[in-house]
Amino acid sequence: MKEGSQPEAFAELALPLMRPLYNFAHWLTRDTHEAEDLVQDAYVRALKGFSSFQPGTNFRAWMFRILRNAFLTSRMGTKMVQVPLEDEEGQEIEMPAVKDTPESALMGARSRQQIQAALERLPVNFREVILLCDVEEMKYQEIADLLDIPLGTVMSRIARGRKLLRGMLAEAQLRR
Amino acid sequence: MDCEFWQDKVDAFVDDEMPSAQVRDFESHLRECPACSAETVARQRLKIETRAAGQRFMPSAALQERIREKIGSRKQERWQWWPTAVGVAAALVLAILAGQAWNRAQMRNELAVQLVDQHVATLAAVNPVDVVSTDSHTVKPWFAGKVPFSVDLPNLENTPYSLIGGKFVYFQQAPAAQLLFGIRKHKISVFIFRDHGNTSSLGEESAPVRRNGFVTQTWSEDGLRYFAISDVNGEDVRKLCEMLKAAS
């Protein structure tokens, strides 16, 4: 790739991703200013490292990975990962008291706000896999590569994240 | 194989990650098992709701501009011809008008790019639409209660077009309907949303125009904005738009 054409080529690929990247950053940080700093930082890092990007590989996943790494090394990310959010065996996670059944999940309207509130309450490592899978529609293997975790861990986090979400939504419906 | 075998595989089915050989077995199990069917539908519903609720945050125009500056893609449009001979007041008026036009063009491009992204993402998705049906009498009522307007669909009988389905999306922080049509091996997305605020800057296109390699056409009618996009030729897009206009 020619030196001079690099920023243009990068901009052409990266700018259309600003909306999903910002959305993901905001869900990770839950703060507008932090999300803005994070996205900006990710774009600067990505441009710097663009020469290492292999054309023909998954640019979108590459950008998300850079953003997520920037989050992990940010002040807020460091703080969040210091908290033992998850034990993969399940001891650390406090499950909602209400058990959700398929019937209760199918009955009654759940508002967008209720789902957003439940997503916000999800521990960050469940939240990120749910967002990458459901909102960004990434494949399990893409998520595993992006987060640098085994495929089985992706699957178990998705299953447990959804279980937590449904429990929270069932609780919210009971409170109505 | 019983429910216990399948219960930890429901997510893989919902996420389209189940091997195809297993999908057939699971589907035949679902036909016989109301409990697993209900569980699968509940998880499918949660996935659809999460997708809609998760598309929540939009980068501000200021952030977008800052990032463009940082990565050096900002288009430098400076006034090279400052008219010294013209009075200051007249120059200011010109500058304001030009600035407004530039802003409108920027906004129009930005909105169009977002819709192009959405169309591309839909085509790349495992499940491109939320409601899969060629029947307009299924798709139209499916949107009722999801979007704050009625989604009128044309009669496609004896035309080369087919309805593939519909999808509930969020655009400019407002609910919108995305219809997916097929023609030969191509797809056409038609977005419908309330036309207000920024979206009115999309303007009117009486004929299709080419944008980022796609053909688009947009118009506004009765407070609703329609935006069609595809990689087919302009004539195919125009004809479908005419049918949609006649149906609304």
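Bear in mind that the values here come from a model prediction, so they are computed numbers and not experimental data.

This brings us to the interface of chain A and chain B. Taken together, the contact pairs 41 residues of chain A with 36 residues of chain B. Those elements giving two or more residues to the side of chain A that touches chain B turn out to be α1 (6–14), α2 (18–29), α3 (32–48), α6 (102–106), α7 (112–121), α8 (124–135) and α10 (151–175) of chain A. Here the residues of the side of chain A that touches chain B sort into 26 nonpolar, 4 polar and 11 charged.

Attention now goes to the packing of helix α9 (residues 140–147) of chain A against α10(A). Residues and elements named next belong to chain A. Closest axis-to-axis distance for the α9/α10 pair is 8 Å, and the angle between their directions is 105°. As the angle between them shows, α9 and α10 are arranged roughly perpendicular. Residues Y140, Q141, I143 and A144 of α9 form the contact with α10, whose participating residues are L151, V154 and M155. Per-class residue counts for the contact of α9 with α10 are 6 nonpolar, 1 polar and no charged.

Counting residues in hydrophobic clusters, the biggest one holds 52 residues, and the most contacted among them are L21(A), A25(A), V39(A), A42(A), M63(A) and L67(A). The contact partners of V39(A), leaving out residues within four places of it in the chain, are L21(A), Y22(A), A25(A), L67(A), P59(B), L63(B) and I67(B). Membership of the second largest hydrophobic core comes to 32 residues, among which are V139(B), L180(B), F193(B) and A228(B).

Residues and elements named next belong to chain B. Spatially, 7 strands are ordered β1-β2-β3-β4-β7-β6-β5 in an open sheet, and the strand pairing comes out antiparallel. Taken across any chain shown, the strands that pair with only one partner, and hence form the sheet edges, are β1 (131–132) and β5 (209–211). Two strands pair when backbone bridges link them, and β5 and strand β6 (residues 214–221) are joined in this way by 3 bridges, in the antiparallel orientation. Across the sheet, R210 pairs through a bridge with V215, a residue of β6. Together, β2 (161–171), β3 (174–183), β4 (186–194), β6 and β7 (224–230) form the strand contacts of helix α8 (residues 234–247), whose direction differs from that of β6 by roughly 20°.

Let's shift gears to the packing of α3(A) against helix α4 (residues 59–73) of chain A. Residues and elements named next belong to chain A. Orientation of α3 relative to α4, taken along the N-to-C sense of each, is 120°, at an axis distance of 9 Å. The angle between α3 and α4 places the two elements in the oblique class. Between α3 and α4 the crossing geometry is right-handed. Touching L38, V39, D41, A42, R45 and A46 of α3 are M63, I66, L67, A70 and F71, all from α4. Grouping the amino acids of the contact of α3 with α4 by side-chain chemistry returns 9 nonpolar, no polar and 2 charged.

It is worth spelling out the confidence of the model for chain B at this point. Caution applies to low-pLDDT regions: their predicted coordinates should not be interpreted in detail. All names here are of chain B. Residues of chain B with pLDDT of at least 70 account for 85%, and the chain-wide mean is 82. Overall, residues 76–80 carries pLDDT values under 50, and its contacts beyond four positions in sequence, including any with other chains, amount to 1 contact. The ipTM for the predicted assembly is 0.86, set against a pTM of 0.58.

What follows concerns α8(B). Compared with an ideal rise of 1.5 Å per residue, which puts 14 residues at 20 Å, α8(B) spans 20 Å between its outermost C-alpha atoms and is within 8% of the ideal. Buried residues along α8(B) sit against β2, β3, β4, β6 and β7 of chain B.

So, about the environment of Y43(A). Position of Y43(A) among the secondary structure elements: in helix α3. Residue classification places Y43(A) among the buried positions, given that 26 C-beta atoms sit within 10 Å.

Comment: phi is negative for the bulk of residues other than glycine, and the bulk of peptide bonds are trans. With phi around 60°, N158(B) is a residue other than glycine that occupies positive phi space. With respect to the helices and strands, the residue N158(B) is situated in the loop between α7 (136–143) and β2.

What counts as what
- Residues numbered from 1 in each chain as written.
- Chains lettered and ligands numbered in written order.
- Predicted model: local features only at pLDDT ≥ 70, side-chain atom pairs only at ≥ 80, totals over all residues.
- Contact = placed C-beta atoms within 7 Å.
- Helix = DSSP H or I, 4+ residues; strand = E, 2+ residues; numbered from the N terminus.
- Nonpolar A, V, L, I, M, F, W, Y, C, P; charged D, E, K, R; others polar.
- Axes fitted to C-alpha atoms, helices over the stretch in contact; angles between N-to-C directions.
- Parallel < 35°, antiparallel > 145°, perpendicular 65-115°, else oblique.
- Core = buried A, V, L, I, M, F, W, Y, C linked by C-beta atoms within 7 Å.
- Buried ≥ 20, exposed ≤ 12 C-beta atoms within 10 Å, placed from the backbone.
- Pairing = 2+ DSSP bridges.
- Left-handed = near helix turned anticlockwise from the far one by under 90°.
- pLDDT = per-residue confidence, 0-100.
- Expected span 1.5 Å × (residues − 1).

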